[in-house]
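Understanding the architecture of this molecule
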Amino acid sequence: MRTGQEYLQAIQDQRTIYLNGQRVDNVTTHPAFIGITQTFASMYDFAAEEENGMQYLTEDGTVANKVYMMPRNRDELRERREAIEKWAKQTCGFVGRSPDHVAAFLAAFASHEEIFARGGERFAKNVQDFYKKARDEDLFLSYVIIPPQIDRSKSAHEQKEDHLPVGVYEERPEGIIVRGSQMLGTSAAVSDYLFVSCIVPLREGDEDYAISFVVPINTPGLKLYSRPSFAMGKPSTFDYPLSTQFDESDCLVVFDDVLIPWEQIFVYRNIELVRAQFHESPAHIWGNSQAQVRFVTKLKFLIGVAKKITEMNGTDRFPQVQEKLADMASLAATVEGSLLASEYHCLDRNGYAVPNPRFLYGVVGMQESMYSRLISILRDLSGGGVLQVPSSYLEMVNPETREDIKRYIRSSQGESTEKIQLFKLAWDIIGSEFAGRHQQYELFYNGAPHVAKGYSFRNYNFQETTKLVDQFLGSYRLPE
Ligand SMILES: Cc1cc2nc3c(=O)[nH]c(=O)nc-3n(C[C@H](O)[C@H](O)[C@H](O)COP(=O)(O)OP(=O)(O)OC[C@H]3O[C@@H](n4cnc5c(N)ncnc54)[C@H](O)[C@@H]3O)c2cc1C
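Reading the values: rules and limits
- Residues numbered from 1 in each chain as written.
- Predicted model: local features only at pLDDT ≥ 70, side-chain atom pairs only at ≥ 80, totals over all residues.
- Heavy atoms only, no water.
- Helix = DSSP H or I, 4+ residues; strand = E, 2+ residues; numbered from the N terminus.
- Buried < 20%, exposed > 50% of the residue type's maximum accessible area, 1.4 Å probe, protein only.
- Contact = heavy atoms within 4.5 Å.
- Pairing = 2+ DSSP bridges.
- Axes fitted to C-alpha atoms, helices over the stretch in contact; angles between N-to-C directions.
- Parallel < 35°, antiparallel > 145°, perpendicular 65-115°, else oblique.
- Left-handed = near helix turned anticlockwise from the far one by under 90°.
- Salt bridge = Lys/Arg side-chain N within 4 Å of Asp/Glu carboxyl O.
- UniProt positions renumbered as here; feature names shortened; annotations may be inferred.
- Near = heavy atom within 4 Å.
- Polar contact = N/O pair within 3.5 Å; in protein donor to acceptor, adjacent residues only side chain to side chain.
- Areas by Shrake-Rupley, 256 points an atom, 1.4 Å probe, with all protein chains shown as cover.
- Nonpolar A, V, L, I, M, F, W, Y, C, P; charged D, E, K, R; others polar.

For the protein chain, the name recorded in an unreviewed UniProt entry is 4-hydroxyphenylacetate 3-monooxygenase, with Seinonella peptonophila as its organism.

Printed below as a string of structure tokens:
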């Protein structure tokens, strides 16, 4: 099992990342990335400690991280969920693309290698070999599977110029040259490898864009353009506890004629297989169940903050406030309940256990309104307290100001420091740039809202509902 130190060493390489007009020299020391790399390092250290229960014996007799499991029954699904939850707790659910997300996709691909074999046996072997490598080396993969936002009314080959989304530019004996771009690599800057494909439906004529491959982040020609950092320039972790530790970054990924050796390719110029890899294998479902485990943890954390705020402000005994907390609890319980139901009613797919998509996607379809509703309640319960805090911890130590801060920023229960700490955390959830990015993340990480609802629509089984109605309608007739 990989240690945090090994992870940090591995990502100090020649990767090309641009931020604020400059190339990032070393992600492990750069102020934009140091917090998140330290967070991931501590997650690896946690998993490497056997007593933390994150390890399992693989089908090949090796010891690996449970996030790479290919669950075969309900018990193994539970085991995997508990491991994912342990990691999610380390980031309070605020890191979306931790290594367990794409690990789920790789495990699912390897569990259904015959899908890839439909494009040629060598591709099935590539999938299997890479899965084992990633699992045994405990690799961190991020992914980009969405074409850049240019003209959504046109498919890949209909765009104004060729190779705006990433596609095959040239075929060579040793591999393919890919050119173009893809959005939006969350955590890509601090991962080992990138998985690249296209989950958006492709049309006839898009064959050059119908590919799927893995590539090390430090490959020549691969460039990452990061959005602004939310960690940089903050006075301290006390002031911005989430921004400084959990800003996983999002990057536009540019492929400037990148050579992808054949062994790293899973699907080659095959529209049908690009779709099948996600939806005929359990990839999309296993990936989304990981995402829901993280989401449940995040919702519980939000509720914990809300509850503590009301206790500190002495509002927790007001019935109207309890009602608002109850709203939060009901929403969170619905998500958690659906997650557990999807596991309990899991399906067998070729010998592998798959969470029931009806329940899993049922909550995915509600995510659009769910997160913003909880944030809105937390905002409501916080009042102006989140802005009544000093600009930074420095006013709490400066002899000229500290007595005023201590006297006037306090609560019914806690000391001044505790109140400021809690309310600064609340602001990082509801008001900071980091907070805004999280609202965007929960809305879009699984595709635009209409896409997420589409999964719910397709997986519900409406036949069961119409049958109920038909039965009832059949029980009475037009009067004679
Ligand atoms: C914070 C964040 C992190 C992300 N991380 C990743 C990542 O790690 N890897 C990755 O691959 N992707 C990632 N994404 C990208 C994400 O998958 C996309 O944002 C998502 O697929 C939606 O695409 P889009 O943003 O271009 O929105 P669009 O597709 O442009 O949709 C925007 C809006 O336009 C309207 N619209 C667009 N098309 C239609 C249509 N056909 N019918 C009706 N209405 C339509 C809808 O109102 C929709 O909500 C991330 C996104 C965000 C915001």
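The rest of the description comes next.
Turning our eyes to something else, we now look at the environment of proline 216. Here proline 216 shows up in strand β9 (residues 212-216). Note on proline 216: relative accessible area 17%, which makes it buried. Along the primary structure proline 216 and glycine 362 are separated by 146 residues, whereas in three dimensions their C-alpha atoms are 35 Å apart. Leave out the neighbours within four places in its chain, and proline 216 touches Asp192, Tyr193, Leu222 and Gln264.

On to the environment of tyrosine 44. You can see tyrosine 44 is positioned in helix α2 (residues 34-48). For tyrosine 44, a relative accessible area of 0% puts it in the buried group. For the pair tyrosine 44 and serine 212, spaced 168 residues apart in sequence, the C-alpha separation works out to 27 Å. Not counting chain neighbours up to four residues away, the residues in contact with tyrosine 44 comprise Arg2, Thr3, Gly4, Tyr7, Trp87, Pro99, Asp138, Leu139 and Phe140.

Here 4 strands make up an open sheet; going across it, the order is β5-β8-β9-β12 and the pairing mixed. Bordering the open sheet on either side are β5 (141-144) and β12 (265-267), each of which pairs with just one other strand. For this sheet, the mean angle separating the axes of adjacent strands, direction not counted, is 25 degrees. Most of the contacts of helix α4 (residues 99-111) go to β5, to which it runs at about 85 degrees, and overall it touches β5, β8 (193-196) and β12.

The geometry of helix α9 (residues 283-313) relative to helix α12 (residues 367-382) is characterised by a closest axis approach of 9 Å and an angle of 15 degrees between their N-to-C directions. With respect to each other, α9 and α12 are oriented roughly parallel. The two elements α9 and α12 meet at a crossing, and its hand is left-handed. Here Gln292, Phe295, Lys298, Leu299, Leu302, Ile303, Val305, Ala306, Ile309, Thr310 and Asn313 of α9 come into contact with α12, specifically with Gln367, Met370, Tyr371, Leu374, Ile375, Leu378, Leu381 and Ser382.

The next subject is the pattern of salt bridges. By the definition in use, this model includes 37 salt bridges. A salt bridge links aspartate 151 to lysine 154; the shortest N-O distance between them is 3.2 Å. In this structure lysine 154 comes out as partly exposed when scored by relative accessible area, which is 38%. When the shortest N-O distance is used, the salt bridge between glutamate 280 and arginine 275 registers 3.4 Å.

Further remarks concern the UniProt feature "domain: HpaB/PvcC/4-BUDH N-terminal" (unreviewed entry) in the protein chain. On the UniProt side, "domain: HpaB/PvcC/4-BUDH N-terminal" (unreviewed entry) is annotated at positions that read residues 3-267 here. Between the end C-alpha atoms of residues 3-267 there is a gap of 32 Å, over a span that is 29% helix and 24% strand.

The full set close to the ligand counts 19 residues, and Tyr143, Ile145, Arg152, Leu184 and Thr186 are the nearest of them. A distance of 3.0 Å separates an oxygen atom of the ligand from a polar atom in the backbone of leucine 184. One of the side-chain nitrogen or oxygen atoms of threonine 186 is found 2.7 Å away from a nitrogen atom of the ligand. Starting from 960 Å² of accessible surface for the ligand in isolation, the protein chains cover 69%. Considering every element that reaches the shell around the ligand, the biggest residue donor is helix α16 (residues 433-444), with 4 residues. Residues belonging to the shell around the ligand are distributed by class as follows: 10 nonpolar, 5 polar and 4 charged.

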